[in-house]
Amino acid sequence: MNTIDFLKTLYLGDRYCTKMVINGIDNNFEIHINCISRIRDILGKWNFYTTEDIENGIIVIDGVKKIIFDQSGLLPNDEIYDIYAKQISHNLYEFTIEASHVDDNSMTHDLTIKVIGESVYLIDPKKPTMKIIN
């Protein structure tokens, strides 16, 4: 499955970011989410499908070339609204992460992070060495 279509199989509604890890040794960017569901419906609807849920799942962008945080400088600590990609060269994608940060006064701030990288996969912490790519 190609990168763009793979991201369309992720359901992140009502889920939140627990942490982000920039791994310089492995050259990847990890987004840890309390639960990742999959969309398997042919029409692209979630339909409350939970069979493949990954508790405390990790979305990994691999082959990172650049990370661009928006001018707010905030990190996601609440909802991940969407993650999508556009191909910018033969083996390079611009990943866009639209998310939110809730501050100490319970105010929500929207933010965007862009990552230039080569691929994306999921990790289930119960099987940490297995890359989920479809």
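Procedures and definitions
Residues numbered from 1 in each chain as written. Predicted model: local features only at pLDDT ≥ 70, side-chain atom pairs only at ≥ 80, totals over all residues. Heavy atoms only, no water. Pairing = 2+ DSSP bridges. Helix = DSSP H or I, 4+ residues; strand = E, 2+ residues; numbered from the N terminus. Axes fitted to C-alpha atoms, helices over the stretch in contact; angles between N-to-C directions. Phe/Tyr/Trp six-rings, centres within 6.5 Å; stacked < 30°, edge-to-face > 60°. Buried < 20%, exposed > 50% of the residue type's maximum accessible area, 1.4 Å probe, protein only. Contact = heavy atoms within 4.5 Å. Core = buried A, V, L, I, M, F, W, Y, C linked by side-chain atoms within 4.5 Å.

Pairing in this open sheet of four strands is antiparallel, and the strands run β5-β8-β7-β6 from one edge to the other. Edge positions in the open sheet fall to β5 (66–69) and β6 (80–89), since each of these has one partner strand only. Put simply, the sheet's adjacent strands are angled 20° from each other on average, direction ignored. One ladder, built from four bridges, connects β5 with strand β8 (residues 108–117); its direction is antiparallel. Opposite Ile-68, over in β8, you have Lys-114 as the bridge partner.

What follows covers the packing of aromatic side chains. Summed over all chains, the structure comprises three aromatic pairs. Pairing Tyr-11 with Trp-46 gives two aromatic rings, centres 3.9 Å apart and planes at 5°, and the pair type is stacked. Linking Tyr-11 in strand β1 (residues 10–11) with Trp-46 in the loop between β3 (28–38) and β4 (54–62), this pair joins segments that are 35 residues apart in sequence. Considered together, Tyr-11 and Trp-46 belong to a single accessibility category, that of buried residues.

What follows is about the environment of Leu-74. You can see Leu-74 is positioned in the loop between β5 and β6. A relative accessible area of 24% places Leu-74 in the partly exposed class. When the C-alpha atoms of Leu-74 and Ala-99 are compared, they prove to be 10.0 Å apart, with 25 residues separating the residues in sequence.

Relative to the assigned elements, Asn-34 resides in strand β3. Using a relative accessible area of 16% as the deciding quantity, one classes Asn-34 as buried. Every residue in contact with Asn-34, bar those within four places of it in the chain, is listed here: Arg-15, Tyr-16, Thr-18, Ile-54, Glu-55 and Asn-56.

Right, let's get into the nonpolar core. Membership of the largest hydrophobic core comes to 26 residues, with the highest contact counts inside it found for Ile-31, Ile-59, Ile-80 and Ile-97. When contributions to this core are tallied by element, the ones reaching two or more residues are α1 (3–7), β3, β4, β6, β7 (92–102), β8 and β9 (119–124). If sequence neighbours within four positions are ignored, Ile-97 has contacts with Phe-29, Ile-31, Ile-61, Ile-80, Asp-82, Ile-83, Leu-111, Thr-112, Ile-113 and Val-115.

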